[in-house]
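Architecture and fold: a report
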Amino acid sequence: MLIPRQTAIPELVRVKPGALDRIGIYAGRNEFTRVVLFFSQGLDDRLLARLTGSLRSKNVQVLQQMQIESVSFEEVTELFRQAPRNADAIIGFGGGKALDVAKYVAFLSRLPYLSVPTSLSNDGFCSPQSSLTIAERRYPLPSAMPFGVILDTAVCLDAPEILWHSGVGDLVSKFTAVTDWKLAFHAQETPVDDFAALLSDASVYQFVARPKRDLDGMRLLGTALLLNGISMSICGSSRPASGSEHLISHALDSLSKRPRLHGLQVGVATYLISLLQNQNSRRIAALFDATGFWQAIASDPFDRAEWLEAARIAPTMKSDFYTVLSSRDCLPEIETALRSDPNLRLCFG
Ligand SMILES: [Zn+2]
């Protein structure tokens, strides 16, 4: 008998310029009259005023409004305990941390979550995970998919360019993640969800065909990252979005003196891993040429010794997770690539 698959996907998706000013309308349509708002530290006051003004214009009451600085699990569960019990929905507004926290509090409260990113630096604005720290280390914890994603492309275009590079870096990791997933299937029979892999692949190509930093480029990058989050929800695993390139980035987060934006680490690691997988390297390098990613990294290069150590411990970052790094001792190849590959040499000063 065919058992219908249940997949959580957002019911409300708006990806367009000016969407921020319509959030009151979207909330009203879904009968959200009382909301809790978590927003990023350092968020532009004018953006916050636009969001709260739009809610007010439709008589949506903000019961609690909090600036988020920490993603520690203990503090987030405390926020959940203190959250008003009569809210209809939770809004996360800004960048990574505020969105992770809002998503997790909504998940614990079993309330609809509205994700309102102000930049596209990673795929966390529409994924079924929250990245929180436990004992100083960051872990992806199972969470709920957003009920709504309101992505104002004009606001994202105004965000600093480095955040865009980070988003591009996180997006291309789908090439190596899907290859790792297939390697894991052949080596260990890790089940591959065909549709999730297909969607993950397809989402990258939409953007690769037109990698420009303009309004339409923001729409394509935003949609691609969003579909990628949905592909994780389809298969109930992070496999379509995260492979060995993410293990290296997680390792860097734990050992680097100065961890960098997630997508910058992941983007360079993706290119490095593509060399080991012997697939997609030229495509990734060309995309990084076209978007100016290489130059962005070269202007503030990474530390080669830290990367070698991160590559060494990367396979231990996640148990029972087969990748190209599990297939052989890759360290000698990585050492050579960091030293002699012309693109990577740019990234390491
Ligand atoms: Zn990522």
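In case you missed it, the structure is sitting above this.
All of these numbers come straight from a predicted model, not from anything done at the bench. (Residues numbered from 1 in each chain as written. Predicted model: local features only at pLDDT ≥ 70, side-chain atom pairs only at ≥ 80, totals over all residues. Heavy atoms only, no water.)

Things to note about the sheet that holds strand β4 (residues 89-94)
Short version of the rule: Between any two strands, at least two bridges found by DSSP are needed for them to pair. Secondary structure elements are taken from DSSP: a helix is a run of H or I of four residues or more, a strand is a run of E of two residues or more, and numbering for both begins at the N terminus. Only C-alpha atoms enter the line fits that serve as axes; for helices the fit covers just the stretch in contact. Angles between N-to-C directions range over 0 to 180 degrees. Residue contacts are defined here by distance: any two heavy atoms, one from each residue, within 4.5 Å place the two residues in contact.
The six strands are arranged β1-β8-β5-β4-β2-β3 in an open sheet whose pairing can be described as parallel. Each of the sheet's edge strands pairs with one partner strand only, and the pair in question is β1 (12-15) and β3 (61-68). Averaged over neighbouring strand pairs, the angle between their axes works out to 15° when direction is ignored. Relative to the sheet, helix α2 (residues 45-57) contacts β2 (34-40), β3, β4 and β5 (113-117), its axis offset from that of β2 by approximately 175°.

Thoughts on a positive patch on the surface
Put simply, the test is: By definition, no residue in a patch forms a salt bridge, and every one has over 30% relative accessible area; like charges are joined within 9 Å, nonpolar side chains (Val, Leu, Ile, Met, Phe, Trp, Tyr) within 5 Å. Per-residue accessibility takes into account occlusion by the displayed protein chains alone, with areas from the Shrake-Rupley method and a 1.4 Å probe. When a carboxyl oxygen of Asp or Glu lies within 4 Å of a side-chain nitrogen of Lys or Arg, that pair is called a salt bridge. Counted charges follow a simple rule, with Lys and Arg positive, Asp and Glu negative, and His plus the chain ends left uncounted. All charge positions are set by atom: Lys at NZ, Arg at CZ, Asp at CG, Glu at CD.
A surface patch of positive charge is lined by K16, R22, R29 and K58. Along the chain, the position of K58 falls in the loop between α2 and β3.

Examining the nonpolar core
For the record, the criterion: The definition of a nonpolar core used throughout is a set of buried Ala, Val, Leu, Ile, Met, Phe, Trp, Tyr and Cys residues joined through side-chain atoms within 4.5 Å. Accessible area is worked out with a 1.4 Å probe on protein chains only. A residue is then buried under 20% of its type maximum, exposed over 50%, and partly exposed in between.
Judged by nonpolar contacts, the single largest core of 80 residues is most densely connected at F125, F207, I248, V268, W307 and L325. Of the residues forming this core, the biggest block, eight residues, is contributed by helix α8 (residues 215-235). Setting aside chain neighbours within four positions, we find L325 in contact with S244, I248, I273, L276, A314, P315, C330 and I334. Formed by 24 residues, the second largest nonpolar core is a distinct cluster that contains A19, F39, L114 and V116.

Regarding the packing of aromatic side chains
How we decide: Ring pairs shown here join Phe, Tyr and Trp side chains whose ring centres sit within 6.5 Å, with only the six-membered ring taken for Trp; geometry is labelled stacked below 30 degrees between planes, edge-to-face above 60, and tilted in between. Whether a charge sits over a ring comes down to the Lys NZ or Arg CZ being within 6 Å of the ring centre and within 35 degrees of the ring normal.
Going through the model one piece at a time under the given rule, you end up with twelve aromatic pairs. Ring geometry for F32 and F147: centres 5.5 Å apart, planes at 70°, overall edge-to-face. One end of the pair, F32, is in the loop between α1 (23-29) and β2; the other, F147, is in the loop between β7 (137-142) and β8 (148-151), with 115 residues separating them in the sequence. Residue F32 is classed as buried on the basis of its relative accessible area, which comes to 7%. Its relative accessible area of 17% is what places F147 among the buried residues. Between F293 and W294 the ring centres are 6.2 Å apart and the planes differ by 75°, which places this aromatic pair in the edge-to-face class. Of the two residues, F293 and W294, both sit in the buried class. An aromatic cluster of at least three residues, connected via ring pairs, comprises Y271, F288, F293 and W294. For R239, the ring lying beneath its charged end belongs to F321, and the centroid distance is 3.8 Å. We note K318 situated over the ring of F321; from NZ or CZ to the ring centre the distance is 4.2 Å.

Concerning helix α7 (residues 194-208)
Applied cut-off: What a helix should span is 1.5 Å times the count of its residues minus one. Directions pointing from the helix axis toward each C-beta atom define the arc.
Taking 1.5 Å of rise per residue, 15 residues should cover 21 Å, and α7 covers 21 Å from first to last C-alpha, within 8% of that figure. Within α7, burial applies to A196, A197, L199, S200, S203, V204 and F207. When α7 is viewed along its axis, its buried side chains cluster within an angular range of 165° and face the same direction. Away from the buried face of α7 by more than 90 degrees, exposed residues D194 and L198 are located. Where the residues of α7 are buried, they touch α6 (161-188), α8 and α11 (281-291).

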